[in-house]
Amino acid sequence: MNETRLNIKTILKSKLARRLVPILMAVVAVPIAMTVLTVGHVAREQIVTMTHTMERINGSAVKDAGKQFQQVGQETVRSSGRKMAEISLQAGQNVSKQWEKSQADSIAKTGDDFARVTQNSFDGAMRQSLSTNRDILSDVNGQMGRLFASSARYTQARVADRVQAAMLDQSNRQMQERARQLAQLTEVYLQTNQNYLALTAQMLNVYDGDRAGEKAVLDALVRRFPMFTLVSVMSLNGQETAMSVSDQAVTASDLSNHFNTEYFRAGMRGDTYVGLETPSQFGRAPVLRLAVPVELYRGKVIGVLSARLSMEDLWDTIRNTRIGKNGYAYVTAANGAALLKERPTSAQMMRQVAPIETLGWKLVVAQPSDEVMSPVRSFKNDIARNTQHSLRQMNQDIHNSSEIAATRLQQDAGRLHTDTAAQVRTRTGEIFGKLQQKTNQQTSAELKEMQEAIRSQAEQAQQDNDRRMAAAAGAASAEVARRIPPLTASALHLASQRLSVFALAIILISCAVSCVIGLFLASAILRPILRLAQGTRAIAQGELDKRVDERAPAEIGDLAVAFNTMAESLLQSRTELDTAEAQLVQSAKLASLGTLSAGVAHELNQPVAIVRGISQQLQGEPNLSPDVLEDLALIEGQTGRMMKIIKHLRTFCRAGGYEMVPVTVDQVVENCFILIDAQLKAHDISVKLDLKAGEGQVMGDANELEQVFINLITNARDAMEGRKDGEIAIRSWSENDHLCIEFHDNGTGIPEDVAAHIFDPFFTTKEAGKGTGLGLSISHGILQKHKGQITTHNDGGAVFTITLPLLEADTNEQENELRRAA
């Protein structure tokens, strides 16, 4: 099956990505978005408050500037009017005294002096008014800048505090979740090993007394799961009956009694026990004691299965856990004692704790505070830089607006100065022109009229100037009042836009980062999961040789390893199942053949008996030739032999239980050749008998013992297939209250790698159809029922030695057992 290539489309379609990305966006982006929106709202409120304050300050300043400008202008015009009246009076007196000499010069000089004095006075008033307005605008600028700076610093401090609180809370939640995951991993580790021990307990039955079988089961458990360093089976009185240790051989002296231990009593109550056996020492992981009941059936406890569980693998996982760059995890007991010690460090640490409920331990996750606070400090620095940049830009905008207002005010004052000076010159020229025309006729009258006219014109000019100065001051005040609110509103709008853009940028970046992290995590988790899914489908479709890549993070990698182990076991089980199925089919054929043989033997017995009877009758007839009598004797002998073979075959093929009676072993060995002697001769195999047991008897079933002997002889025959010098040597003897029978052939012998499995059910080295793998296994079981043993070795061929207790020794042993029981 081809590997599925992961791309963005595949990841986005996965349920894991669709769940993980919104969760990360909610955990990361939502708190940041709420913080930024809160900061924007607070900043806008500060800017609005500052704007209203500036409007009040600007309105007051502009009104004061208008009043001062109008007052200075009025005083300047009055001063100019008084000077003009005095000059006019002095000019009239000079005209009356020196009219003849310098009429034209005096009038011209008087007009020039009047114009110059008027212009100088007006220029002074205008310069003073402009200076006053510029100072007022500068003071307004300073107050606005200080107000903006104070508001910005206050807003910056509040934003930094809220962001710091939000990010610290997020870090604490992440550390708490990591601690909970590690604690859950420990709980799963303990529960899994309890299940392994409970499944092993279901395979045991201490009533059978099969200590070797119990030992084999315990050895298989220790080999398969190295975390179990010691496993033992305890009987009802607490005595260990079988034990397996991972790093040493077990002797009888190693078995002890655990009747008074807490874990034995818990197992006898039907409970599962988990406790601390050995605490962590010298940097090594602690060792736990597990105990589960061994039940004959539910509720009937017949023993306890106990084990020592090493926590080394789990300890390595926790010890190698990294929280951030420098964070770590460690474990403490309920009393605070360190089971997995904390790393020595001088840095201030932040900690989160999760309980391991099964053992009452605590799993602690620690991370340096400086590492947690690093993003907070970076965010504070960004806010400070943005705030300083905004203040500089706002101060520059206020300064530019003030310069523009001052320039326009100066331009308006210049135009007013030019218009007023031109009107003064025009009126003065008109007055002095009329005065010059009437001088010759009405000097005295005209002088008075001139003075009155000058006074009237001066008052009129003063009134006009007052109106114009008031209008100019009002216009300047209105202009300033008109321009400041738009500038303030523009600054407010610009600040709001920047805050909005900043908030939107942070939200988008947070969402993007959350999406990327979510997709990355989904990809990292989904890839091995898809491989496992493909492997599962392949296994379901029969591809038992399918394996998945074990390079995956944390528990998923462990799951991949477990999957490959499961697939390997399934493949091995399938192979064994196929082999067993073929052997069972062969066994069924042989069983059917045995039944058929018994039926054929029964059917043949009647006609053979008839032929034998007729031959016996014919031998009694008179007048038969010697040749006929010889043939009839031969027929009688051979039919007798056939009936003996048929009777033995029927006895050998009978089904059902067995009967333990005294049996002469040498006679059973000789009876075997009734059935297989012809087969051995057909294969050119000779038999050498050396039976010295004599009348030695054993307590057993002759038919079953014959089955064992025939099976060993046929195996020797098959091992010497095709040889011309095949020989089977069978000898028997008595030794130390036991009877021994040895079967020795000159075949190829038994290979060392096969010798360890020859007594396993369905194990055979023969070709398909020639063997079931059950012969030696059944023979081994029969000999165990007879309290015997069978061993094998090579000595120029295969040698099988059977040892059975003699009848006298077996009887004595039974009597001793009865005495002990009594």
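Structure: see above.
In this report, we go over the structure that sits alongside the text. (Residues numbered from 1 in each chain as written. Predicted model: local features only at pLDDT ≥ 70, side-chain atom pairs only at ≥ 80, totals over all residues. Heavy atoms only, no water.)

Our focus in this paragraph is the overall build of the protein. Counting its regular elements, the protein contains 15 helices and 16 strands. Counting across all 822 residues of the protein, residues that qualify as buried make up 38%. Within the protein, contacts between residues at least 6 apart in sequence are counted, and of these 69% link residues at least 24 apart. Approximately 46,600 Å² of the protein is accessible, and the part contributed by carbon and sulfur atoms is 54%. (Helix = DSSP H or I, 4+ residues; strand = E, 2+ residues; numbered from the N terminus. Buried < 20%, exposed > 50% of the residue type's maximum accessible area, 1.4 Å probe, protein only. Contact = heavy atoms within 4.5 Å. Areas by Shrake-Rupley, 256 points an atom, 1.4 Å probe, with all protein chains shown as cover.)

Residues Phe-228, Leu-305, Met-311, Val-331, Trp-361 and Leu-363 are the most contacted members of the largest nonpolar core, which totals 53 residues. It is helix α3 (residues 99-202) that contributes the most residues to this core, nine residues altogether. Each residue touching Val-331, except ones within four places of it in the same chain, is listed here: Trp-315, Ile-318, Ala-337, Ala-338, Leu-339, Leu-340, Ile-356, Trp-361, Lys-362 and Leu-363. (Core = buried A, V, L, I, M, F, W, Y, C linked by side-chain atoms within 4.5 Å.)

Together, Ile-610, Ile-614, Leu-618, Leu-624, Val-628 and Leu-629 make up a nonpolar patch on the protein surface, roughly 450 Å² of accessible area in all. Among the elements of the structure, α9 (554-619) and α10 (626-652) are those that each provide at least two residues to the nonpolar patch. Top element by residues in the nonpolar patch is α9. It accounts for three residues. Mapping Val-628 onto the fold places it in helix α10. (Patch = residues over 30% accessible without salt bridge, like charges linked within 9 Å, V, L, I, M, F, W, Y side chains within 5 Å. Salt bridge = Lys/Arg side-chain N within 4 Å of Asp/Glu carboxyl O.)

Our focus in this paragraph is the sheet that holds strand β7 (residues 338-340). Spatially, the four strands line up as an open sheet ordered β7-β6-β9-β8, and their pairing is antiparallel. The sheet is open, and its two edges are formed by β7 and β8 (349-356), each paired on a single side. Averaged over all pairs of adjacent strands, the angle between strand axes in this sheet comes to 30 degrees, irrespective of strand direction. As defined by bridge partners, β8 adjoins strand β9 (residues 361-368) across eight bridges and the pair is classed as antiparallel. The residue bridging Pro-355 from the neighbouring strand is Lys-362, located in β9. Contacts from helix α6 (residues 312-319) reach β6 (328-332), β7 and β9, with the element oriented near 90 degrees to β7. (Pairing = 2+ DSSP bridges. Axes fitted to C-alpha atoms, helices over the stretch in contact; angles between N-to-C directions.)

Our focus in this paragraph is the pairing of strand β15 (residues 789-794). Of the strand pairs in this sheet, β15 and strand β16 (residues 798-805) are connected by six bridges, and their pairing is antiparallel. Across the sheet, residue Asn-794 finds its bridge partner in β16, namely Ala-798. Hairpin connection, β15 to β16: the antiparallel pair is bridged by three residues, and Gly-796 has positive phi, about 70 degrees.

A few words now on helix α14 (residues 775-785). In an α-helix, one turn spans 3.6 residues; hence positions three or four apart end up facing the same way. Leu-776, Ser-777, Ser-779, Ile-782 and Leu-783 are the residues of α14 that are buried. The inward-facing, buried residues of α14 contact α12 (702-719), β15 and β16. One or two positions beyond α14, positive phi appears at Lys-787, with a value near 60 degrees.

Next up on the list: the sheet that holds strand β14 (residues 738-745). Here we have five strands laid out as an open sheet, ordered β11-β13-β14-β16-β15, and mixed in their pairing. Looking along the sheet, the strands with just one partner apiece sit at the ends: β11 (685-691) and β15. Recorded for the sheet is a direction-independent mean angle of 15 degrees between the axes of neighbouring strands. In this structure, β11 lies alongside strand β13 (residues 726-735), joined through seven bridges in parallel fashion. If you follow Leu-691 over to β13, its bridge partner there is Ser-732.

Now for the pattern of salt bridges. Any two side chains of opposite charge can pair if their charged atoms end up close together. Taken as a whole and judged by the stated rule, the model has 15 salt bridges. Arg-180 serves as the salt-bridge partner of Glu-177, at 2.6 Å between the closest nitrogen and oxygen. A residue pair is termed a helical-turn pair when its members lie 3 or 4 positions apart in one helix, as Glu-177 and Arg-180 do in helix α3 at three residues. Overall, Glu-177 belongs to the partly exposed group, its relative accessible area being 33%. A salt bridge links Lys-215 to Asp-219, with the shortest nitrogen-to-oxygen separation between them at 2.8 Å. You can see Lys-215 and its partner Asp-219 sitting in helix α4 (residues 211-224), four residues apart, about one turn around the helix. Take Lys-215: its relative accessible area is 28%, and that puts it in the partly exposed class.

Turning to unusual backbone geometry, a few remarks are in order. Even without being a glycine, Asn-736 presents a positive backbone phi close to 55 degrees. In this structure, Asn-736 sits in the loop between β13 and β14. With a phi close to 60 degrees, Lys-787 is a non-glycine residue in the positive phi region. The class of Lys-787 is partly exposed, set by a relative accessible area of 43%.

Quick look at the packing of helix α11 (residues 665-682) against α12 now. Between two packed helices, both the angle of their axes relative to each other and the distance between the axes serve to describe the pair. Running from N to C, α11 and α12 point in directions that differ by 45 degrees, and their axes come no closer than 9 Å. The orientation of α11 relative to α12 falls into the category oblique. Where α11 crosses over α12, the handedness of that crossing is right-handed. Contact residues: α11 offers Val-665, Val-668, Val-669, Asn-671, Cys-672, Phe-673, Leu-675, Ile-676, Gln-679 and Leu-680, while α12 offers Ala-702, Leu-705, Glu-706, Phe-709, Ile-710, Ile-713 and Arg-717. Residues that form the contact of α11 with α12 fall into these classes: 13 nonpolar, two polar and two charged. (Parallel < 35°, antiparallel > 145°, perpendicular 65-115°, else oblique. Left-handed = near helix turned anticlockwise from the far one by under 90°. Nonpolar A, V, L, I, M, F, W, Y, C, P; charged D, E, K, R; others polar.)

Following the sequence through the fold, Asp-701 ends up in the loop between β12 (697-700) and α12. Separated by 3.0 Å, the side chain of Asp-701 and the backbone nitrogen of Asn-703 make a polar contact. A distance of 3.0 Å separates a polar atom in the side chain of Asp-701 from the backbone nitrogen of Glu-704. (Polar contact = N/O pair within 3.5 Å; in protein donor to acceptor, adjacent residues only side chain to side chain.)

Tracing the backbone shows Thr-801 in strand β16. The exposure class assigned to Thr-801 is buried, which follows from its relative accessible area of 13%. In this structure Thr-801 touches Ile-741, Glu-742, Gln-789, Ile-790 and Thr-791, once residues within four positions along its chain are discounted.

The subject of this paragraph is the packing of aromatic side chains. Across all of its chains, the model carries six aromatic pairs by this definition. For the pair Phe-259 and Phe-264, a centre-to-centre distance of 5.8 Å together with 50 degrees between the ring planes defines the contact as tilted. Summarising the aromatic geometry, the rings of Tyr-328 and Tyr-330 are spaced 6.2 Å apart at their centres and angled 40 degrees between planes, so their arrangement reads as tilted. Tyr-330 carries the same exposure label as Tyr-328, and that label is buried. Here the guanidinium or amino end of Arg-289 rests over the ring plane of Tyr-263, the centre of that ring lying 4.4 Å away. (Phe/Tyr/Trp six-rings, centres within 6.5 Å; stacked < 30°, edge-to-face > 60°. Lys NZ or Arg CZ within 6 Å of the ring centre and 35° of its normal.)

Now for α12. Here α12 spans 26 Å end to end across 18 residues, near enough to the 26 Å set by a 1.5 Å rise per residue. Within α12, 13 of the 18 residues are buried, which leaves the element mostly enclosed by the surrounding structure. Among the residues of α12, the N-terminal cap falls to Asp-701, whose side-chain oxygen and the backbone nitrogen of Asn-703 are separated by 3.0 Å. (Expected span 1.5 Å × (residues − 1).)

Another aspect to go through is the pairing of β14. Most of β14 sits out of view: six of its eight residues are buried. Summarising the sheet, β13 and β14 pair through eight bridges and their orientation is antiparallel. Bridge pairing in β14 places Ser-734 opposite Leu-739. Once β13 ends, the chain turns through two residues before running back antiparallel as β14, passing Asn-736 with a positive phi of about 55 degrees. Where β14 lies against β16, seven bridges are found, and the strand directions are antiparallel. Opposite Ile-741, over in β16, you have Ile-802 as the bridge partner.

Taken by themselves, the reported measurements are silent on function.
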